Amino acid sequence: MKKLLIIAIALVTIQGIAQEEKKPPMSKDKMHRMQDLTPEEAATLQTKRMTLHLDLSKSQQDEIYKINLDNATKRKEMMAAWRAKKESGNMEKPTKDERLKKENARLDHQIAVKAKMKKILNDDQYAKWEKSQARMGMKGKEKKQELRKKMHKKNMQKE
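Calculation rules
Residues numbered from 1 in each chain as written. Predicted model: local features only at pLDDT ≥ 70, side-chain atom pairs only at ≥ 80, totals over all residues. Heavy atoms only, no water. Helix = DSSP H or I, 4+ residues; strand = E, 2+ residues; numbered from the N terminus. Buried < 20%, exposed > 50% of the residue type's maximum accessible area, 1.4 Å probe, protein only. Contact = heavy atoms within 4.5 Å. Areas by Shrake-Rupley, 256 points an atom, 1.4 Å probe, with all protein chains shown as cover. Phe/Tyr/Trp six-rings, centres within 6.5 Å; stacked < 30°, edge-to-face > 60°. Expected span 1.5 Å × (residues − 1). Core = buried A, V, L, I, M, F, W, Y, C linked by side-chain atoms within 4.5 Å. Axes fitted to C-alpha atoms, helices over the stretch in contact; angles between N-to-C directions. Parallel < 35°, antiparallel > 145°, perpendicular 65-115°, else oblique. Nonpolar A, V, L, I, M, F, W, Y, C, P; charged D, E, K, R; others polar.

> Help me out: how do you make sense of the overall build of the protein in this one?
The helix and strand inventory of the protein stands at six helices and zero strands. Helices and strands in the protein line up, N terminus first, as α-α-α-α-α-α. With 159 residues in all, the protein has 14% of them scored as buried. Look at the contacts in the protein between residues 6 or more apart in sequence, and 64% of them connect residues 24 or more apart. Summing over all exposed atoms, the protein offers an accessible surface of approximately 14,200 Å²; the carbon and sulfur share of this is 59%.

Structure, rendered in structure tokens:
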């Protein structure tokens, strides 16, 4: 009987440990530090990371820096507009047409960047870059799912 009780306690303990949520590796501090960077600083860091990852030449680095600077500038402008809208209290859900327009613009930009990268990088570098882009896309989807789960839990606790 004692052995059965010990086994039952051990199983319950193991089950509790197995269901523990793991924290994402990126902390909020790191996210805020990245947001505080100027577009030039962000573009420089991104270009250096890509240089290490893809073994870029100096001319490739210069061309990719321009693309990264353009992306960082646009991202900073979009974040500023979003913050201003949030602080003014005019945060409304976008209409179906607005969402469609925004998604089309995002995809058009993504296609343009992909075409530019194909011109700049050689075949091996481009394949490696595409693989890393796919990996980043999956991470983004995972983060969205985690956020939805947290919001769902939060809403369930309120009720």
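> How do you make sense of the packing of aromatic side chains when you look at a structure like this?
Each aromatic ring pair is characterised by the separation of its centres together with the angle its planes make. Summed over all chains, the structure comprises one aromatic pair. Between the aromatic rings of Y126 and W129, the centroid separation amounts to 5.8 Å while the plane-to-plane angle is 35°, which identifies the pairing as tilted. With Y126 and W129 both in helix α6 (residues 123–158) and three residues apart, this pair spans about one turn of that helix. Taken as a pair, Y126 and W129 share a single burial class, namely buried.

> Honestly, helix α5 (residues 96–120) in this entry has me stumped. Any pointers?
Spacing of three or four residues puts side chains on the same side of an α-helix, whose turn is 3.6 residues. Between its first and last C-alpha atoms α5 spans 36 Å; for 25 residues at 1.5 Å apiece the expected length is 36 Å, and the two agree. Listing the buried residues of α5 in full gives V113, M117 and I120.

> Quick question: what am I supposed to make of the nonpolar core here?
It is characteristic of soluble globular proteins that their nonpolar side chains tend to be buried jointly. Of all hydrophobic cores here, the largest spans eleven residues; its members are M50, L54, L56, I64, I67, V113, M117, I120, L121, Y126 and W129. Taken together, the elements giving at least two residues each to this core come down to α3 (39–54), α4 (58–88), α5 and α6. If one sorts the elements of this core by residue count, α5 sits on top with three residues. Those residues in contact with W129 that sit more than four places away from it in its chain are M50, L54, V113, K114, M117 and L121.

> It is not clear to me how the packing of α4 against α5 should be interpreted in this structure. Could you clarify?
Two quantities define a packed helix pair, namely the angle between the axes and the distance from one axis to the other. For the pair α4 and α5, interaxial distance at closest approach is 10 Å and the crossing angle is 170°. One way to sum up the angle between α4 and α5 is to call them roughly antiparallel. Contact residues: Q60, E63, I64, I67, D70, N71 and K74 in α4; H109, V113, K116, M117 and I120 in α5. Class assignment for the residues of the contact of α4 with α5 results in five nonpolar, three polar and four charged.

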